[in-house]
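# Coordinate inspection notes
Given next are the chains, with one letter for each unit.
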Amino acid sequence: MNVDLWLPDSDLDPAQREFARRIRAFGAQKLAPHARAIDEQRTFRREMVADLAAAGVLGGPLPEQYGGSGWTPLQLAIAHEELGAACGNARGFCAVQTGLVAQCLAKFGSDAQKQQWLGPLVRGEAIGCFALTEPEAGSDVASLRTTAKPQPDGSYLADGQKWWITNGGRADVMILFATVDPALGRNGITAFLVDTERRGLARTPMPGIELGHRGSDHATLTFGSFPIAAGEVLGTVGKGFGVAMNGLAAGRLSVAAGAVGIHRAALAATVEFTAGRQQFGQSLASFQMVQERLADMLTTLHASRGLVYRCAQRRAAGAETHADLAMTKLYATEAAAKAAEHAVMLHGARGYSSAFPVERLWRDSQALRIYEGTSMIQRTILGRMLAAES
Ligand SMILES: Cc1cc2nc3c(=O)[nH]c(=O)nc-3n(C[C@H](O)[C@H](O)[C@H](O)COP(=O)(O)OP(=O)(O)OC[C@H]3O[C@@H](n4cnc5c(N)ncnc54)[C@H](O)[C@@H]3O)c2cc1C
């Protein structure tokens, strides 16, 4: 197989190529061998966290002063493609632990908050979650209903419910978004950084069986007079909506890069399979209609990666816009889902079984179209900008 056709290496300089190969080797040795089992058994692998920490992945994009490696945005994109190709659950864990929790903490936290939590998050000693979505507040984040009622001594008591919270069942620390005054609308929303070992919090697994990301922990969190100290505000009271949007916007690059990884894995599996499978006396890969699909998968893979790299370069230059992120997440996640769908089809009945990886890739790809802003929300962001321009 001519893997050079779909690997990113020829787009990278020697140092970047070496970096990509290091993360790829880590994924192949430590993540990919467990990807099928954790999906089938619906198990969160705690050892995975230690492996990610030991490989320097959890601290990758964080500043060195907090134990991070100071990855550039392009290195982040390269790493998340490799993680996405190896194991969607591991990539999703990093997106929350590092992308949403640690990076928001590094950006908005006080020195005391950073001192307490960044080291344990980077070393994998603590697990973090980002508790934003509620049953009645999904895409419309500003309508969240969880309250953090101010108390006379400056502390708060939180009441409400969050759901679909990745790592929620086992997180040691959480960024919780709640309103200090529902009458203030989005100006009441406040981010809090709280440890989870206290009264007033009930955690239950999400009901039902997830379509994909089955080796991840998704929980419902119910707060009843949950105490929050005055010093546990993350950033400023009333500015939590901005914290949430900042975290989600930044995370869209890693979700898009993860989609490139899924896309690449689907193409690689399908090239291998169609070359070996014989029907009508010849390999599937020799049929022009099959080649057409493979050619489309390869072309859209490079288009997605090109958008991801462009976004990363613009982030490094301080020039990244919401439009860059929206286009990149929209295109890369939709292209990955389409490629995974082709992969299932081209495997025939084998593609319908967990004995082959492509049905898992398809199932995992669907979540990327939903979280950190659905594809429709990305189109809404772009559409509003275009309408405002005209
Ligand atoms: C695997 C997984 C992990 C997740 N992890 C987390 C997590 O760690 N933390 C967290 O807080 N949340 C998490 N979520 C939740 C996720 O962020 C939300 O599901 C997502 O924001 C969409 O919200 P919703 O499900 O309520 O859908 P809704 O907002 O109800 O949307 C339903 C449909 O309507 C469409 N829609 C909504 N508004 C518009 C509009 N204005 N125009 C056009 N179409 C629209 C949407 O695109 C979607 O297709 C996770 C979800 C999944 C699947």
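Turning next to the pattern of salt bridges. One pass over the structure, following the stated rule, counts 20 salt bridges. R45 serves as the salt-bridge partner of D51, at 3.8 Å between the closest nitrogen and oxygen. Like D51, the residue R45 is buried in the burial classification. The closest approach of N and O atoms between E134 and K162, which form a salt bridge, is 2.8 Å. Here K162 lies in strand β3 (residues 156-166) and E134 lies in the loop between β1 (128-131) and β2 (147-150), a separation of 28 residues in the sequence. By relative accessible area, E134 is classed as buried at 4%. What emerges from the salt-bridge pattern is a single network uniting D9, R21, R24, E81, E82, R264 and R305.

This next bit is on the environment of A285. Inspection of the secondary structure assignment puts A285 in the loop between β9 (282-283) and α7 (288-316). Placed 20 residues apart in sequence, A285 and A265 show a C-alpha to C-alpha distance of 17 Å. Ignoring anything within four residues of it in the chain, the contact list for A285 reads T274, A275, V290 and Q291.

A separate point is the side chain of H218. Its place among the elements puts H218 in strand β7 (residues 218-228). A polar atom in the side chain of H218 sits 2.7 Å from the side chain of E210.

A few words on the packing of aromatic side chains. Geometry of an aromatic ring pair is reported as the spacing of the ring centres plus the angle between the planes. Applying the stated criterion across every chain, the model contains seven aromatic pairs. On the numbers, 5.3 Å between centres and 85° between planes, the contact of F19 with W71 is edge-to-face. Taken together, the residues span a long stretch of sequence, with F19 in helix α1 (residues 14-41) and W71 in the loop between α2 (46-54) and α3 (73-86) at a distance of 52 residues. With relative accessibility at 9%, the residue W71 sits in the buried group. Both rings, one in F223 and one in F226, keep their centres 5.2 Å apart while their planes meet at 75°; by these two values the pair is edge-to-face. The same class applies to F223 as to F226, namely buried.

Another point: the site of the ligand. Around the ligand, the structure places 16 residues, and the nearest of them are T133, S139, W164, T166 and T374. For the ligand, a nitrogen atom lies 2.9 Å from a polar atom in the backbone of F130. Within the side chain of T133, one N or O atom sits 2.7 Å away from a nitrogen atom of the ligand. Burial of the ligand by the surrounding chains reaches 65%, relative to a free accessible area of 980 Å². For the shell around the ligand, the secondary-structure elements that each account for two or more residues are β3 and α10 (375-389). Taken together, the residues of the shell around the ligand sort by class into nine nonpolar, seven polar and no charged. Each of domain 2 (128-241) and domain 3 (242-389) gives at least three residues to the shell around the ligand.

To continue, consider the pairing of β7. As judged from the eight bridges shared by β3 and β7, these two strands associate in the antiparallel manner. Paired with T166 across the two strands is H218, which belongs to β7. Of the strand pairs in this sheet, strand β6 (residues 201-205) and β7 are connected by five bridges, and their pairing is antiparallel. Following the sheet pairing, P205 is matched in β7 by A219.

Those residues of α2 not exposed but buried are M48, V49, D51, L52 and A53. Each element contacted by the buried residues of α2 is listed here: α1, α3, α4 (88-108) and α5 (111-122). Count one or two residues on from α2 and you reach G56, which has phi positive near 80°.

Here we take up the packing of α3 against α4. Relative placement of two packed helices is described by the angle separating their axes and the distance separating the axes. Put simply, α3 and α4 touch, their axes get as near as 6 Å, and they point 140° apart. If you check the angle between α3 and α4, you find them oblique. When α3 is examined against α4, the residues H80, L83, G84 and A86 are found in contact with a partner set consisting of G88, R91, C94 and A95. Residues belonging to the contact of α3 with α4 are distributed by class as follows: four nonpolar, three polar and one charged.

Before going further, it helps to examine the domain arrangement of the protein chain. Taken domain by domain, the protein chain comprises domain 1 (3-122), domain 2 (128-241) and domain 3 (242-389). Taking the mean C-alpha position of each, domain 1 and domain 2 sit 25 Å from one another. Opposite the 20 residues of domain 1 that make contact, domain 2 presents 24 residues. Buried surface at the junction of domain 1 and domain 2, both sides included, amounts to about 1900 Å², of which 63% is carbon and sulfur. The largest contributions to the domain 1 side of the interface with domain 2 come from R42, F44 and W117, which together make up 31% of the buried area. Joining domain 1 to domain 2, the criterion identifies zero salt bridges. Here domain 1 is connected to domain 2 by five residue pairs in polar contact (both at pLDDT 80 or more). Elements that contribute at least two residues to the side of domain 1 that touches domain 2 include exactly α1, α4 and α5.

Criteria and thresholds
Residues numbered from 1 in each chain as written. Predicted model: local features only at pLDDT ≥ 70, side-chain atom pairs only at ≥ 80, totals over all residues. Heavy atoms only, no water. Salt bridge = Lys/Arg side-chain N within 4 Å of Asp/Glu carboxyl O. Buried < 20%, exposed > 50% of the residue type's maximum accessible area, 1.4 Å probe, protein only. Helix = DSSP H or I, 4+ residues; strand = E, 2+ residues; numbered from the N terminus. Contact = heavy atoms within 4.5 Å. Polar contact = N/O pair within 3.5 Å; in protein donor to acceptor, adjacent residues only side chain to side chain. Phe/Tyr/Trp six-rings, centres within 6.5 Å; stacked < 30°, edge-to-face > 60°. Near = heavy atom within 4 Å. Areas by Shrake-Rupley, 256 points an atom, 1.4 Å probe, with all protein chains shown as cover. Nonpolar A, V, L, I, M, F, W, Y, C, P; charged D, E, K, R; others polar. Domains from an automatic or database assignment. Pairing = 2+ DSSP bridges. Axes fitted to C-alpha atoms, helices over the stretch in contact; angles between N-to-C directions. Parallel < 35°, antiparallel > 145°, perpendicular 65-115°, else oblique. Buried area = accessible area lost by both parts, 1.4 Å probe.

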